[in-house]
Each structure stands twice: as structure tokens, then as C-alpha cells.
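# Survey of secondary and tertiary structure
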Amino acid sequence: MALPEMKIVGLDNEAAQKEIRSRNMQSILTGRADYVNDRKMAGMLWATTKHATISHGTVKKVDASKALALPGVKAVFTYDDITAGTGAAAMFPQKTVLYWGAPVAVIVADDWYTAERAINLVNVEYDVLPAVVKTTDVVGDDGVAVENAPLSGRLADTNYANSMPAERGDVAAGLKASAYTKTYNLPWTTTHQHAPIEQYTAFAYWIEDDVYVYLSTQNIHGHRTIIRNRLQIPLNKIHCFNHYCGGGHGQRLNNEEAAMVAAISRKLGGVPVMWRCSKKHSMLLAGRQHDDKGIFTMGCDKDGKIVALDCEYWTTNYGATITPIISATFTIPNLKWVGHGTYLNQPDRCAWRCVNDPPTAVHLTMAMDDMAEHYNMNPYEFRKKNIMGEHDLDQDTGNPFCTKEVNECMETVVEKSGYLSKWHKPGTKTLSNGRLHGIGLHAHHDSHGRVNGNDRGAVVLMTPDGTILTENGGSKPHNAPTEMNIIVAEVLGAKVTDVNCGDYGNTDVTLNGGMHGGSSFTGSCGAAFYSAAMDLKKKLFTYAITREPFAAEGAKVEDLDSKDSVIFMTKKPDVKATFANIMATAQPMAGVGVGWHAQQNATATVNAGLQREKDGFPVGHKAEWGSAAASVTEVEVDPETGEVFITGHWNSVGCGRVIYKDGVLQQMGSGSELQYAQALYYGDIHDPATGAIIGTQYTESQLPTTLDIDPTTNYLYPVEGDDHSGPLGAHGIGEPCVGSYASILAAIYNAIGKWVDPDHGACNPDRVLKALGKA
Amino acid sequence: MDNLVHVNAGSLDDAVAQLAKGGAEVCAGGTDLMSSLKGFISDNLPTTIVNIKQISGLSYIKEDGGMLKIGALTTLDEIANSSVVASKCAALAQAAAVVASPEIRNVGTIGGNICQRPRCIYYRNEYNDFNCARKGGKGGCYALTGLSRYHSIFGLVNGCMAVCPSDTAPVLVAAGAKIVTTKKTWEAADFFKIKGEKINSLDADEIVTEIQVPTGKKSCYKKFAFRKSFDFPLVSCAVVGDKVVLGGVYNSPYEVSGDTVKATSATAYNKYKEQIANTLIKRAKADVK
């Protein structure tokens, strides 16, 4: 099966893109988008959370008497009231405190400000335990575990666990056979949290045994399951609603605030309760990217081809799994990975949304750029010698990749940026303004974009006026559901503007479409909507041949085609009728689809396999999923202040088939800017004495604004290909520009001739000055 | 935010009378006060807000007898865009132009800018998780044992390591400005010696009414912050005539003698400020106009 032709939308259909853009933005720009916080109900109460002011210990006693004496305060709930028996739940009050800011009580009052006022009136006594607040308490800079360190309490009897080994070939032999080897002790990278625009919030009330919950999430059906598990009630008694969801995507998935507020409402007899987390506490509870450290030993042959790579890796509060950046970007015949989680009394960590690549990207870049210098190559030349090609097979499984665009991505940014003419030996170019010039490169294959159906379905409905509703299931549409609409339009031959989202954000009447993450939704539902649209098309054409003008022609289904919501005979294009004309005499018509089921396993194999032949591998053959990205950054560094000025930032991303161009560019643009933040501005700020995160305000945490990022220096290049795992060749692109972090650091290195130690934070000027020996 | 009494003062006398009752604080632009209140940052926050924005005659920029006179309610944006200020004390216009963000400069006043609370990351921590020395708490100065990256490199004052975050303060000290209040006329250098939680020596019932800046000297203001779009200065430097004053390095604006400074109590976290300060001194001196 060849890749279908895109007739309706495609990368260059500006008119269609404009229509979609306008439709998607209207509700937000006019203030008509409705959020959980907009809910109002007679008799509703407000709740907020008190958080721990120790980093490790046990709650001994909660004295709520002063809070309860404050007029308007209705109740104070602790672990014993609503958590006991349900196990530790991140947003529920805790008995054991594992980090500063852990929730310890929930206060309910007549209004939110009264609840907030009562926070400091709740007195919590703790049995305080020694806290492990720094990575150096657990593992030294030499990578050796610290002996006799106090326990953080996150694991039973250690702070140092979760080794995740992986190996191919014989690393020891490979290193021994190498012409040159070098060991790199690579610094701890940044940790920072999602910065939610909309605070964590949820609203619940009960009518008899049924609970009605409004929440801000990408995964409304998943929350219903969480509520069932926590409250031990049947799913059909749980009714979840969600419309708009304000930012922090990727972290609006499986938190437990909805279950908590449902439990509180139940405790209070079912009255409506709105729980809202303060901005500070939202930033404490939000998932954080883990900070990583590595010790890599790389060996190459006499020509600079990598022979072996030995990686030992550490992450904080998260398991250090090998990523495709290491395993599937370059040809490395002998590869070993040993990962360690170091568990501290700090908030939980997670992967950078669905990718855990940025720190690994930095570390591999550091090692490769240095290795390039040894071979008297520029970083591009060294990568070019080792990068995997479009038709290379997976080095572990021997399977083909659904798509392999990393080389093309790298070539794109190298060409567009003029990298080869701008690169120079590190620390050797001073500009006329006194600043140091630098340029950096990064390229990687990553784990985004798998296309499968799982067990999710899709329904599309053609109404009697010939327009189409899609049932997306989750929150009000953003890019991912829009993409589903486009797929339906493409398959049906409908105008894009004739396809709209039907009901959404209501678990009672929508399918479980899975979480609305951009990349995963594309994958999980894209195939299902494709199938549903095919089903509807067949039904529509079957009905159409009974109607004029097709009946008079004796047309058969296979004689028909459609475009721009018009059905026509392929051999007699003038014999045509609009969808509306055909449907005028019909009942609403539904198309139902399921994606193909794909099981994931440890080697990330897409069991559904290839949907089109690839490199001689037949349809159905197992294939490895993939996406790719590359980045070049050009900087100027002020050697007297350590300030870094980005003067050019080129990103390319392997997108498979581009379905929704605006969505791709938005995703790439925001991903690119996000990496500005991670590299240069933004990071958790810890108090080294207590472990408290003290940068919980946007001011202190140095979140950059749009004024910090010059959009005229930001260049985005979607690289189109054919993802052979999906019906239209598309895949999700998630956070595609995560490699920018590495290219920015590499550019600084190229400018100043030293690698900056992020020291768990961003490369702020003080750290640049330190690298320069000036601070 | 706590329940507050909001009073619209009809006159300065009315405002002073309201303040004298205790537990009250002036609100002009409110940009610093509101974030303090909403964040529950201290146990000593006011319960009464005295709004002085309706008092007429406190917003102006004029030159009078070799002195630039600026009403306390003049917004930072007005100062930043005033041709009079730019021609008579360029450094003040430059400083006002880089305070916070455009939105804040539109409502924030020069009076508020010199009467704000410190930006110490411990002091500002919401819900008063760190009840520090500046607040009269028992916690001492948390920066001493914790993160002093943003703090003083010239030691503590009243047990506090926080720095003066005002952009305009170093200019006013360097210019030898006077701060007129409802009680007296202060020399700027004395005005910014800290007494309580705020960055100056004002009594609780004392209100700034006018800033008087001597004119006729060339000047320049340079600011350094990690983030350029809006931020408080980590280090700043005002040069007016032959006077050089640093901001962001000490509890008060720090006067420099000579061409360079040497930090007297830098930590491993904030040693970089010395390098930045010396760079800004050099650059500000080169750019005076």
C-alpha cells in the first residue's frame, strides 16, 4: 500500500490552516473558554492544601483548632480522614513527609481566601528525620555512592537503586580494540518543573451515590478510573467533565486531585467543593524533569568511528533508563548502559513529559564534541561519520524503523544555519563587539510518534446537513483533536471546516479516546479515526448511489470519490452532489473505527508493524518507532558578564507526514523556546540547607518570557517523511526540540572553550563566569 | 489574601492619620504590596490599605531651581519616557525604564519603587515558610546557611543579607537626591538605611511626597539580571558625575570609591557579583551622558 495522497489539507494548504487556526483560537482569545475555576454552584465550599515545611519526617499531630475558629472555615482534613486505607497518593494529605511542600492537610471554607488564610493557622507537629537534600549526599562527583548516608525514606533501605542495565555487543572488548578512548565525567543537568498556567484545581459534588467531578486534565477517562480506585465505587457512578485545560500539558494526566476533592465532598455530605492549589503549591506538585549525571567512556577506531560506549548514569528520584538518543542515533556496535536512581527528599521527578532526552542529549553532545576535537574534526563531521541512515536497522532487534529521519534533520539545520562556515575551534573567535562567538550542533533519534490503536475507538457522525462531528472524548480541542478532524476530512474528502468536534469532556457520553497528549493522541487515535472515517465514507457512498444524480447513472460505490464535501463520479466529474444534498433525506450517519492493537514491550517494538512495505520488509513486520530532531544554535557570550545571547536557533524535526502544519509549528516553536528556558534561564532553586524549593514564583524561578526570546532568530523546519506505522504516514512529535538544550550548551562551549557546569540549574551568567574562571 | 480594610485617603493629612492608627500601609501602584499580601509572605502585613492615588498633586515632573522635582505618584513609565528627566538626569530615566515589565511600569510609582520590600528569595517565600530576621522572626538569615546567590557581598545589616532591589535607589543616592516626606526631607543615602522590613528608614506613618534630584551632571545607569525581560537587579550601577553607586549588592545602595570594588563577604554562591559590579562600573563610566 502506498502512502495515500493528501488532497485536502497537506503542508501547503494555507487557507485550510488559517480556517483551523481561527476556529481554535477564537474561544481562548475572546475569553469564552471555560475552565474548572469558572464553575459556580449554590452552597459550594472551597478547599486548599497545607503543605509540609520539613523535608523528611512523619506527621505526629495536626492541631486545626485555630483554623477551625476562623469564621468561614468548615473543616480540616488530614491523612487519617481521607487518605488512610487508600495508600500514598500524591495530592492527598500525607502521613510520611518525603519532601518540603508535601501536602499534609486540606482546609475547607466558605471561600478560597478564607481557606488560604487558615493555612498558617493549622499547626502540624512532626517527628523530623534526617533529610537527604543534595545529590552529593547520595553519590559523589566521582560516581561512587556515599556510604552511611541517611535514608531519604523513598526506598526501603537505600537511596541508590533502580539500576537499569542494557548492553549490546562486548563493550570491554570494544574499548580495548579502540584506537582512542576517553572517559567523560559529565555534570548534573537542570531540574525544573512544568509551570502550570492554570493552577491545579478540581470541583466535585454528589447526588446520592453518584459523584460529579469537574477537573482540568488531558485524561478525563483516566481520572475516572483513579476515582474508582481511590473511592471504591463503580465507574458508572462517576461522571467527569472537563472543557479547557490551561497549560502544563504533559502533567495534566494522572494526578489525584479529582479523587481527593470527591472524597472531601463525600465526607461533607456531597456538597459542592472546589479545591484549588495555590500557585506556589501548584509548582511544587507539578512534575519535574529529573536532573542527570553521567560518566561515559567512549572508544573510537583510528578514523573516528565509534567502537564502544560505556555509560553509567544517575538521575534524581527517577529510574535512569537508556533512551534512543544513546541507543538509536549513532552506530555503536558495543554499548553498555547502567542506570541509577538517586532518591532524595525532594519532589518527585518524571520524564520530561514523555521524553527523557534533554539531559542525555547534553551529555552525549559533550562527549562527542570532545571526541571530534581529538580527531581534528568539527562536531558535524564526527557525527556524520557515525550517524544512522534512513535505511539502517535497529542495532538491537534488527527490525526496520517506522521512520528514520535523524540524518536528514541534521543535514537540514547544518545547511540552513551555515554551520560549516561558522564553526571554529572552541574559544577562538572574538567578535568586534568584544563578545565570544559560538555555534553548537545536536541531533538525535527519539522515542516519539508511535502509531497504534491500543484498545481505543473512534466515532464520526455525519449530520443531515452534511457536516461531520468527531467524538474526541477528552478536553476541548487543541492540536491533537484538531489533527483527528483533519484526518477525518482527508479520508472523507470533506472540507476541513465541515468537520468539528462533537461532545467532549464528558465521560458519560464520549469514548475513552485516551489522554490528549499531542504525540500519544496522534498515535493512539489517529488510526482509529482513519478507520472510522473509512467506515463512514463507505456508508455515505452506499447511500449516495441510491440518490440522484448517481442513481440515474447506475453508479456503484467504487465509481465515486469525494473532495471538498462534494461526491462525484471519477469518470464523470460533472455528475456530482454535495454531502448536504445527499444527506438531506438521510438519518444521521455514523462511522465507527478502531485502531490496530499494538502492544509495547521493552524493546519498544510496534507489534502492529509496518503498514506499508519498507526496505523489503513486508506489511505487518515488526518495526521500531521513532522520531528525530536536530538543532543548531549560534550564540554570542559576553566574557565579562557571562551573558549568553542567542543570535540564531535552527530546529528541524522529523514529523512523518505533516497533518496539521500550524500544530507542528506551534509544537516546534514552543519546544524550542522551552529549551531556551532550560538551557539559559529556568531551574528549580533549592535551599541547600533544608531542601525546600524556594523558586516557586515565576519571578524567582527565572521563567523567561516572550520578551527574552527573539522570535526573529528562531527558525523551524519540519522534515516530512513517511512513518510506516500509520495510515497517513504521520506520527506525533511531542516535545520535538529537546535537543536544543544540547546545542545551546555546545554553542557556549564553542564560544568560551569550556563546558559550563549547569549544577542542577540553567547556564546562568554566574555559571558561565565560573567556567571562565571569573567567579 | 487576608481580609483588608481599604481606605481612600482624601488628602495627605487624612492618609497620615489613617497610618497612625497602626496596621496600615500606603498603596500607590500596589504592585509590590499586592503580591506581598497575596503571598502571605510575612506575619507583619497590614490589615488596612490606605489608597493615596486619589490625592491630587502628587504626580508631576518639573524642573525647579536646578532641581528635578518628581511627585511620588509619578509612574515609572512617565519617568522613563520624560524628555525632561532624560535631559536632566539620564540615569534616572534609564533606571525607571528597566524596572520590572511594561505593565508594572505603567502603574508602579517612583514612591513605591523606593518603599518596596526586599526581594530575598527566603523573605518572599509564600505563606511565610521562612520567618527570617528581616521579619523579626526567629529563623535568623536563611541565606547565611542556604542559598546566597542573590544576596549581599558586603555583609549583613540587622542580621539580614538581603539587598536593595530598587533600580532607582542607586541613581538617587549617586545624584545626591533628597526624598521629601510628610515628616522631613531625607538625604537619599540616609533614606535607604534599613530600619524594618522595607528598604528604607521611613516611619510607619510617614509618606513620601516628592523626589528632588540635582541636575546638571552627566550620568548613566547599568543593570544586570539573569533575565532581561523583567527582573530585579542582581547588580546595578549608577554613575552621576563622579559618584558611583551600586545596587543589588548590599542592603542599601553601595557607594564605590575608585574604579573597582572588592567584595568583603562574598560567598561561593555570589562571588560572581564582584566581577559583574566591576564590569558595570567600567561600562557605566564609559557611557555617561
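Refer to the structure presented above.
In this convention, every chain numbers its residues from 1, walking through the sequence in written order. Each chain gets a letter, beginning with A, and each ligand a number, beginning with 1, in the order they are written. Predicted model: local features are reported for residues with pLDDT of at least 70 only, side-chain atom pairs are reported and counted for 80 or more only, and whole-chain, interface and lining totals are derived from all residues.

In DSSP terms, a helix is any run of H or I states spanning at least four residues, a strand is any run of E spanning at least two, and both are numbered starting from the N terminus. Secondary structure assignment for chain B yields 11 helices and 12 strands. Using C-alpha atoms as the atom set, the radius of gyration is obtained and then compared with a globule rule of 2.2 Å times the number of residues to the power 0.38. A compact globule built from 289 residues should have a C-alpha radius of gyration of about 19 Å, and chain B, at 18 Å, falls within 12% of that. On the principal axes, the C-alpha backbone points of chain B span a range of 50 × 50 × 30 Å. Between the buried cut of 20 or more and the exposed cut of 12 or fewer other C-beta atoms within 10 Å of a residue's own C-beta lies the partly exposed class, and all C-beta atoms are placed from the backbone. In chain B, buried positions account for 54% of the 289 residues. In this description, a residue-residue contact is defined by the distance between C-beta atoms placed from the backbone, which must lie within 7 Å. Once local pairs closer than 6 in sequence are excluded, the contacts in chain B between residues at least 24 apart make up 67%.

Listed in full, the buried residues belonging to helix 2 (residues 31-38) of chain B are Thr 31, Asp 32, Leu 33, Ser 36 and Leu 37 of chain B. Phi turns positive, to about 50 degrees, at Phe 40 of chain B, one or two residues after helix 2 of chain B.

A pair of packed helices is characterised by two quantities: the angle between their axes and the separation of those axes. All names here are of chain A. All axes are obtained by fitting lines to C-alpha atoms, using only the stretch in contact for helices, and the reported angles, taken between N-to-C directions, cover 0 to 180 degrees. Where helix 18 (residues 661-681) meets helix 19 (residues 740-752), the axes come as close as 8 Å, and the angle between the chain directions of the two elements is 50 degrees. Relative to helix 19, the element helix 18 lies oblique. In terms of crossing hand, the pair formed by helix 18 and helix 19 is right-handed. Facing Ser 672, Gln 675, Gln 678, Ala 679 and Leu 680 of helix 18, the residues of helix 19 in contact are Ser 740, Tyr 741, Ile 744 and Leu 745. Of the residues that constitute the contact of helix 18 with helix 19, the class distribution is five nonpolar, four polar and no charged. Note on angle classes: values under 35 degrees are labelled roughly parallel, values over 145 roughly antiparallel, values of 65 to 115 roughly perpendicular, and the remainder oblique. Crossings are assigned a handedness: left-handed for a near helix turned anticlockwise from the far helix by less than a right angle, right-handed for a clockwise turn. Side-chain classes are defined by residue name, with Ala, Val, Leu, Ile, Met, Phe, Trp, Tyr, Cys and Pro counting as nonpolar, Asp, Glu, Lys and Arg as charged, and the others, Gly among them, as polar.

Time to look at helix 10 (residues 358-374) of chain A. In an α-helix there are 3.6 residues to a turn, and that puts residues three or four apart on one side. All names here are of chain A. By definition here, a helix of n residues has an expected span of 1.5 Å times n minus one. Taking 1.5 Å of rise per residue, the 17 residues of helix 10 would be expected to cover 24 Å, and the 25 Å separating its terminal C-alpha atoms lies within 8% of that figure. For helix 10, a buried count of 14 out of 17 residues is recorded, marking the element as mostly surrounded by other parts of the structure. Following helix 10 by one or two positions, Asn 376 has its phi on the positive side, about 55 degrees.

Here we take up the sheet that holds strand 2 (residues 24-27) of chain B. Residues and elements named next belong to chain B. Strand order in this open sheet of three strands is 1-3-2, and the pairing throughout is parallel. Each of the sheet's edge strands pairs with one partner strand only, and the pair in question is strand 1 (5-8) and strand 2. Averaged over neighbouring strand pairs, the angle between their axes works out to 25 degrees when direction is ignored. Think of it this way: DSSP has to see at least two bridges between two strands before they count as a pair. Sheet topology places strand 2 next to strand 3 (residues 48-51); four bridges connect them, and they run parallel. Bridging across to strand 3, Ala 24 finds its partner in Thr 48.

Right, let's get into unusual backbone geometry. Backbone torsion omega between Glu 548 of chain A and Pro 549 of chain A reads 10 degrees, so that peptide bond is classified as cis. Tracing the backbone shows Pro 549 of chain A in the loop between helix 15 (518-544) and helix 16 (550-553). The phi torsion at Asn 317 of chain A lies on the positive side, around 50 degrees, for a residue other than glycine. The residue Asn 317 of chain A is located in the loop between strand 16 (306-316) and helix 9 (324-327) in this model. Using a count of 24 C-beta atoms within 10 Å as the deciding quantity, one classes Asn 317 of chain A as buried. One non-glycine residue, Asn 128 of chain B, lies in the positive phi region at around 55 degrees. Within the element layout of this structure, Asn 128 of chain B appears in the loop between helix 7 (110-113) and helix 8 (142-145).

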